[in-house]
Amino acid sequence: MKPVLDLVVKLVNTIRSRGLTHRQFRDFLQSVQSELSDVLYYTKVRWLSAGCVFEHVWQLKDDIVSFFHEKQCSEECEMLEDTEWLSDFAFFIDLLCHMNNLNVKMQGKNQFIDDIWAHLKAFKLKLNLFAGQLAKNDMSHFSRLNSKPSVNEEKLKNYEDGLKKLHFEFERRFQDFSAIQTELDIFYHAFQSKL
């Protein structure tokens, strides 16, 4: 998904990094009465900001295309008119939303390690569920991808494989938790009996 990320970041930087272009874009959005007034910057420091940036670009994709066509710079946004690329983009946004939801669940006060571990286990199960659904052409948990008129079988297979790789990566990175599952269960049950 890195090519999708790179192209979206390049597009956002094209709009935001040049003062005149940025002002013209905001004025254009205002003139077409867009719900959003601007695109957000993506920063590598806060990688979860990618979800918000991508969501803004997704919502503004038609306006971005119109803006660049009006400026006679359609090569800047040609990927937003490519149905294959838009499928990848939609899948990536949906996946980022699921990952952002996991991140939000894991943050906050008064969470014990077993709570965090429960969220991680649930997310790993969701990844398996999502992969299985995509194998059956069911995109119900990928609303943006599902909004695309047709997604070819090969793309769905790639997305399924990507979800399986992500699941494997979660397994690998959090294998220490699996190793101490018994201790976490004891910890969990000790606190449950006190409640």
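In case you missed it, the structure is sitting above this.
Presented here is a report on the structure given in the accompanying data block. Computed from a prediction, not measured in an experiment: that's the story for all the values here.

1. Here's the deal with the packing of aromatic side chains
No. 1: What the rule picks out here adds up to 12 aromatic pairs.
No. 2: Arranged with centres 5.7 Å apart and planes meeting at 55°, the rings of phenylalanine 28 and phenylalanine 67 form a pair that is tilted. On the criterion of sequence distance, the pair formed by phenylalanine 28 in helix α2 (residues 19-31) and phenylalanine 67 in helix α3 (residues 49-70) is long-range, its members being 39 residues apart. The pair formed by phenylalanine 28 and phenylalanine 67 is uniform in burial state, with each residue classed as buried.
No. 3: An aromatic cluster is present here, built from Phe54, Trp58, Trp85, Phe89 and Phe92 joined pairwise through their rings.
No. 4: A cation sits over an aromatic face here: lysine 61 above tryptophan 58, 4.0 Å from the ring centre.

2. What about the state of the cysteines?
No. 1: Tallied over the full model, the rule gives zero disulfides.
No. 2: Between cysteine 73, a free cysteine, and cysteine 77, which holds the nearest cysteine sulfur, the sulfur-to-sulfur gap is 8.9 Å.
No. 3: Cysteine cysteine 97 is unpaired, with the sulfur of cysteine 52 as its nearest cysteine sulfur at 8.3 Å.
No. 4: Cysteine 97 sits in the partly exposed class, given a relative accessible area of 22%.

3. What about the nonpolar core?
Generally speaking, nonpolar side chains in soluble globular proteins are found buried as a group.
No. 1: Core analysis: the largest hydrophobic core is formed by 54 residues, its most contacted members being Phe54, Ile64, Leu80, Phe89, Leu145 and Leu163.
No. 2: Among the elements of the structure, α1 (2-16), α2, α3, α4 (83-106), α5 (113-135) and α7 (153-173) are those that each provide at least two residues to this core.
No. 3: Here the element with the most residues in this core is α4; it accounts for 11 residues.
No. 4: Three or more residues apiece are contributed to this core by two domains, here domain 1 (1-81) and domain 2 (83-194).

4. Here we look at the packing of α4 against α5
No. 1: Where α4 contacts α5, the two axes come as close as 9 Å, and the packing angle between them is 160°. As the angle between them shows, α4 and α5 are arranged roughly antiparallel. The handedness of the crossing between α4 and α5 comes out as right-handed. Between α4, through Phe91, His98, Met99, Leu102, Lys105 and Met106, and α5, the contact on the second element is made entirely by Ile116, His119, Leu120, Phe123, Lys126, Phe130 and Leu134.
No. 2: Considered class by class, the residues forming the contact of α4 with α5 number nine nonpolar, two polar and two charged.

Reading guide: rules and limits
- Residue positions are given per chain, counting from 1 as you read along its sequence in written order.
- Local features are withheld for residues below a pLDDT of 70 in this predicted model, meaning they are given only at 70 or higher, and side-chain atom pairs are given and counted only at 80 or more; totals for whole chains, interfaces and linings count all residues.
- Note that the side-chain values use all heavy atoms of the structure and ignore hydrogens as well as water.
- Pairing of aromatic rings covers Phe, Tyr and Trp, the last through its six-membered ring, and needs centres within 6.5 Å; plane angles under 30 degrees mean stacked, over 60 mean edge-to-face, and all others mean tilted.
- We count a stretch as a helix when DSSP gives it H or I for four or more residues in a row; a strand needs E for two or more, and each element gets its number in order from the N terminus.
- The buried label goes to any residue with under 20% of its type's maximum accessible area, the exposed label to any with over 50%, and the partly exposed label to all in between, with areas taken from a 1.4 Å probe on protein chains only.
- For a Lys NZ or an Arg CZ to count as sitting over a ring, it must be within 6 Å of the ring centre and within 35 degrees of the ring normal.
- Cysteine sulfur atoms that pair up within 2.5 Å are treated as a disulfide.
- As used here, the term nonpolar core means buried Ala, Val, Leu, Ile, Met, Phe, Trp, Tyr and Cys residues forming a set that is joined through side-chain atoms within 4.5 Å.
- All domain edges in this entry derive from an automatic or database-based domain assignment.
- Axis geometry follows a simple rule: fit a line to the C-alpha atoms, using only the stretch in contact for helices, then measure angles between N-to-C directions, giving values from 0 to 180 degrees.
- An angle counts as roughly parallel when it lies under 35 degrees, as roughly antiparallel when it exceeds 145, as roughly perpendicular when it falls between 65 and 115, and as oblique in every other case.
- Crossing chirality is assigned from the near helix's rotation relative to the far helix, an anticlockwise turn below a right angle marking it left-handed and a clockwise turn marking it right-handed.
- Contact criterion: two residues are considered in contact whenever any of their non-hydrogen atoms come within 4.5 Å of each other.
- Residues were grouped as follows: Ala, Val, Leu, Ile, Met, Phe, Trp, Tyr, Cys and Pro as nonpolar; Asp, Glu, Lys and Arg as charged; and all remaining residues, including Gly, as polar.

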